[in-house]
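One letter stands for each residue in the lines below.
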Amino acid sequence: MKALDIVILAAGKGERMVSEKPKVLHEVMGKPMIDYVVKAAQGLEPSKIIVVTGHGRERVEAHLNDGSVVCVVQQDQKGTAHALITSAQHLGDGDILVLYGDVPLIELATLQGFLSFYEDGRHITFMTTDVIDPKGYGRVITVGDDIIKIKEEIDASPEEKEIREINTGICIIPRESFDYLKEINAENKKGEYYLTDICKVARNKGDVVKAYRHGVASEVLGINSRKEQTEANKIMKQRVLERHMKNGVSFLDNNVYIGSDVEIGKDTTIFPNCYIIGKTIIGERVTIGPNVVIRDSVIHSNVNIEGFVVMEGVELMEEVKVGPFSRLRAEAVIEKGAQIGNFVEVKKSCVGENSKVNHLAYIGDAHIGKGVNIGAGTITCNYDGVKKHKTIIEDNVFIGSNTEIVAPVTIGKDAVIGAGSTITKNVPDDVLAISRVQQKHIKGYRRKKKCVE
Ligand code: UD1
Ligand code: CA
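All values derive from a computational prediction rather than experimental measurement. (Residues numbered from 1 in each chain as written. Chains lettered and ligands numbered in written order. Predicted model: local features only at pLDDT ≥ 70, side-chain atom pairs only at ≥ 80, totals over all residues. Heavy atoms only, no water.)

## Observations regarding the overall build of the protein chain
The cut-off we apply is this: Only runs of H or I of at least four residues qualify as helices and only runs of E of at least two qualify as strands under DSSP, and these elements are numbered from the N terminus. Exposed residues in this analysis have more than 50% of their type's maximum accessible area, buried residues have under 20%, and partly exposed residues fall in between, with area computed by a 1.4 Å probe over protein chains only. Residues count as neighbours in contact if any of their non-hydrogen atoms are within 4.5 Å of one another. Only four residue types enter the tally: Lys and Arg on the positive side, Asp and Glu on the negative side; His and the chain ends are excluded. For this purpose, a charge sits on NZ of Lys, CZ of Arg, CG of Asp or CD of Glu.
Helices and strands together make up the secondary structure of the protein chain, namely eight helices and 39 strands. Principal-axis analysis of the C-alpha atoms places the extent of the protein chain at approximately 110 × 55 × 40 Å. Out of the 453 residues belonging to the protein chain, those deemed buried represent 47%. At a minimum sequence separation of 6, the contacts of the protein chain that also span at least 24 residues come to 41%. The averaged location of the 62 negative side-chain charges in the protein chain is 9 Å from the averaged location of its 59 positive side-chain charges.

What follows is the structure, given as structure tokens:
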């Protein structure tokens, strides 16, 4: 195929979102919608991807700063045709595929089908689809495959409003027809330069404009409002679940939210109400849930996560057990076979192989060796009000319940800490350290008390 440039329109204000945030940065299943469009565009391997920015451009451009796209600014948002003209300075000699930043569910295979249809005659082509409720979309007036005109909702007559074939926004323009855009006027109710009016200009010149009818309307949903965003979330959620199911992942029901970039290995089972998002990678034969939240984490194979666990920025090695009711925060690394139990919080710490932190503990800024047992109620006191300090617990240490470890401190290997101790000094290897008040027995105490009363 001939060279191709892709222009993604993303300058609009998105007023119907009622938001401070530029519309194309609003998320669908945890990822800004523009990212989906850019990814689909990249799949076509074009010569260039140009993103037209405008409203909130600093934020949009900062988001798209990995060098894979060129951004061009549309100072005033005078309509989709005007936006496309703005990209002229960056166009090469390839034909121009236009995608909309607010149509994020489009799939690469669909775009490939669209391009091969176009290749047949190389006419200006719009992707259209039939919808049950066409409200808000441009209505496509056709004779056979030829588009006569596209009428925006606001300008459409009552009869035209009945038409259910709508413009998806996706279109392709042969390089030599790009100049048609300059002849588009803004004589419509919104006073905007509509890209869809290229149909009129082309036909006046005796050129034809084609409709490529796509059968899956849900894939070309345009997101203008929060309601449509929720609709897109639902569609994307189901799409992601189906992809994982195909790859051998089980879900007890559909009420699971998995971000589109999450990877999951086969024979993993996910219970209801889990929310797994960001750059998360999950291995094989993992069990998760119910009600587990996982963000940006790596979970190796054969891990078992019980219900109500929340984790972010964490790595769990093979055969780890976590939960129920644990919280693992950034930079927690749980080594092979270790166990983190209920009401345990771990932050910026490594818990060594086969170590156990099973009940009601806080482990922060700590390095825990192998085979360590941390008793219930143990706290690493890592913060002195100004600075964070580190706790080192070497291999095979046994920490009795309700111990406070005031960092910075090191507990040598094989040491035992008596329950209820407050450890403020380094503990040598292989000793019992105990720092609690001796138990006293006071005889006749209750009798004496009664006399006083
Ligand atoms: C547009 C189409 C409509 C189609 C629908 C599909 C036009 C005139 N209308 O309507 O036929 O059915 O999409 O979803 O094209 N944008 C700019 N600069 C502008 C205006 C818009 O970059 O000056 C961008 C927006 O950021 C958005 C896209 O173009 O990504 C579409 O604009 P929007 O205002 O959402 O158009 P719709 O009313 O949805
Ligand atoms: Ca739109």
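Further notes follow.
## Some points on the domain arrangement of the protein chain
This is how the line gets drawn: Source of the domain bounds: an automatic or database domain assignment. In this description, buried area is defined as the sum, over both parts, of the accessible area (probe of 1.4 Å) that is lost when the two are combined. Any carboxyl oxygen of Asp or Glu within 4 Å of a side-chain nitrogen of Lys or Arg constitutes a salt bridge here. Polar contacts here mean pairs of N or O atoms no more than 3.5 Å apart (in protein, one a potential hydrogen donor and the other a potential acceptor; neighbouring residues in sequence count only if both atoms are side-chain atoms). Three residue categories are used. Nonpolar comprises Ala, Val, Leu, Ile, Met, Phe, Trp, Tyr, Cys and Pro, charged comprises Asp, Glu, Lys and Arg, and polar comprises the others, including Gly.
Taken domain by domain, the protein chain comprises domain 1 (4-220) and domain 2 (248-433). Taking only C-alpha atoms into account, the centre of domain 1 sits 48 Å from that of domain 2. When domain 1 packs against domain 2, the two sides together hide about 390 Å² of surface, and 53% of this comes from carbon and sulfur. If you look at where domain 1 meets domain 2, you find one salt bridge. Between D261 and K31 there is a salt bridge; the shortest N-O distance is 3.1 Å. Summed over the shared surface of domain 1 and domain 2, the result is two residue pairs in polar contact (both at pLDDT 80 or more). Grouping the amino acids of the side of domain 1 that touches domain 2 by side-chain chemistry returns two nonpolar, one polar and one charged.

## Some remarks on the site of ligand 1
The condition is simple: We call a residue near a molecule or strand whenever a single non-hydrogen atom of that residue lies within 4 Å of it. Under the convention used here, a 1.4 Å probe and the Shrake-Rupley method define accessible areas, while residue burial counts only the protein chains that appear.
Inspection of the region around ligand 1 gives 24 residues, with G12, Q74, T80, E152 and N167 positioned closest. In the environment of ligand 1, an oxygen atom lies 2.8 Å from a nitrogen or oxygen atom belonging to the side chain of T80. Take Y100: an N or O atom from its side chain is 2.9 Å from an oxygen atom of ligand 1. Look at ligand 1: alone it shows 760 Å² of surface, and the protein chains cover 93% of it.

## Details of the packing of aromatic side chains
Note the following rule: Pairing of aromatic rings covers Phe, Tyr and Trp, the last through its six-membered ring, and needs centres within 6.5 Å; plane angles under 30 degrees mean stacked, over 60 mean edge-to-face, and all others mean tilted. Any Lys NZ or Arg CZ that is within 6 Å of a ring centre and within 35 degrees of that ring's normal is treated as a charge sitting over the ring.
Considering all chains together, one arrives at four aromatic pairs under this definition. On the basis of an interplanar angle of 10° and a centroid distance of 5.3 Å, the ring pair of F325 and F343 is categorised as stacked. You can see F325 sitting in the loop between β24 (321-322) and β25 (326-328) and its partner F343 sitting in strand β27 (residues 339-347), a full 18 residues away along the chain. Grouped by ring-pair contacts, the aromatic residues F114, F117 and Y212 constitute a single cluster. Looking at R175, its charged tip hangs above the ring of F178, at a distance of 5.5 Å from the centre.

## Focus: the side chain of E153
In this fold, E153 is placed in the loop between β9 (146-151) and α5 (158-161). In this structure the side chain of E153 is engaged in a polar contact, spanning 2.6 Å, whose partner is the backbone nitrogen of G136.

## A few points about the coordination of the calcium ion (ligand 2)
What counts is decided by this rule: Listed donor atoms are N, O and S within 2.8 Å of the metal (Na, K and Ca: 3.2 Å). As water is not included, a site may look incomplete.
Each protein donor to the calcium ion (ligand 2) is listed here as D102 (OD) and N224 (OD1); together their distances run 2.2 to 2.4 Å. Pair noted here: D102 is in the loop between β6 (95-100) and α4 (108-121) and N224 is in the loop between β11 (209-213) and α7 (226-246), with a separation of 122 residues, a long-range link. There is no split in this pair, since D102 and N224 are both buried.

## Let's talk about the sheet that holds strand β30 (residues 366-368)
For clarity, the threshold we go by: Criterion used throughout: strands pair if DSSP finds at least two bridges between them.
On the basis of which strands lie adjacent, the open sheet formed by nine strands has the order β14-β17-β20-β23-β26-β28-β30-β33-β36 and parallel pairing. A single partner strand is all that each edge strand has here, and the edge strands are β14 (263-264) and β36 (409-411). Bridge analysis of strand β20 (residues 298-299) against strand β23 (residues 314-316) gives two bridges, and the strand direction is parallel. Across the sheet, the residue bridging to V298 is E315, located in β23.

## Notes on helix α1 (residues 33-43)
Listed in full, the buried residues belonging to α1 are M33, I34, Y36, V37, V38, A40 and A41. Looking at the residues trailing α1, positive phi occurs at E45, about 50°.

## Topic: the pattern of salt bridges
Scanning the model with the defined rule gives 21 salt bridges in all. Shared partners join several salt bridges into a network, and the residues in it are D95, R122 and E176.

## Topic: the nonpolar core
Our working rule: We define a nonpolar core as any set of buried Ala, Val, Leu, Ile, Met, Phe, Trp, Tyr and Cys residues linked to one another through side-chain atoms lying within 4.5 Å.
Among the nonpolar cores identified, the biggest contains 65 residues, and I258, I270, I288, I305 and L316 are the most heavily contacted of them. Counting only elements with at least two residues in this core, the list comes to α1, α7, β23, β26 (332-334), β27, β29 (356-364), β30 and β36. Residue contributions to this core peak at five residues, all from α7. Looking at which domains feed residues into this core, each of domain 1 (4-220) and domain 2 (248-433) supplies at least three. Not counting residues up to four positions away in its chain, the partners in contact with I258 are M29, V240, L241, H244, F251, I264, I270 and I276. Of all hydrophobic cores here, the second largest spans 61 residues; its members include L9, L111, I172 and L195.

## Concerning a nonpolar patch on the surface
Cut-off, in case you're wondering: Patches were defined on residues exceeding 30% relative accessible area and lacking a salt bridge, with like-charge contacts within 9 Å and nonpolar side-chain contacts (Val, Leu, Ile, Met, Phe, Trp, Tyr) within 5 Å.
A grouping of F308, F325, F343 and L360 is seen on the molecular surface, where their side chains present a nonpolar patch of about 410 Å² in accessible area. Assignment of secondary structure puts L360 in strand β29.

## With respect to α7
Formally: Multiplying 1.5 Å by the residue count of a helix minus one yields the expected span of that helix.
With 21 residues, α7 should reach 30 Å at 1.5 Å per residue; the first-to-last C-alpha distance of 30 Å fits that figure. Restricting attention to buried positions, one finds in α7 the residues Q229, A232, I235, M236, K237, V240, L241 and H244. Buried positions along α7 lie against β2 (27-28), α1, β12 (250-251), β13 (257-258) and β14. Looking one or two places after α7, you find G248, whose phi comes out positive at around 95°.

## Let's talk about the side chain of S349
As for its placement among the helices and strands, S349 is situated in the loop between β27 and β28 (350-351). In this structure the side chain of S349 is engaged in a polar contact, spanning 2.7 Å, whose partner is the backbone oxygen of K347. A polar contact of 2.9 Å, which involves the side chain of S349, links it to the backbone nitrogen of A366.

## Comments concerning the pairing of strand β7 (residues 124-130)
Among the seven residues of β7, six are classified as buried, and the element is accordingly described as predominantly covered. The pairing of β7 with strand β10 (residues 165-173) spans five bridges and is classified as antiparallel. Bridge pairing in β10 places T125 opposite I172.

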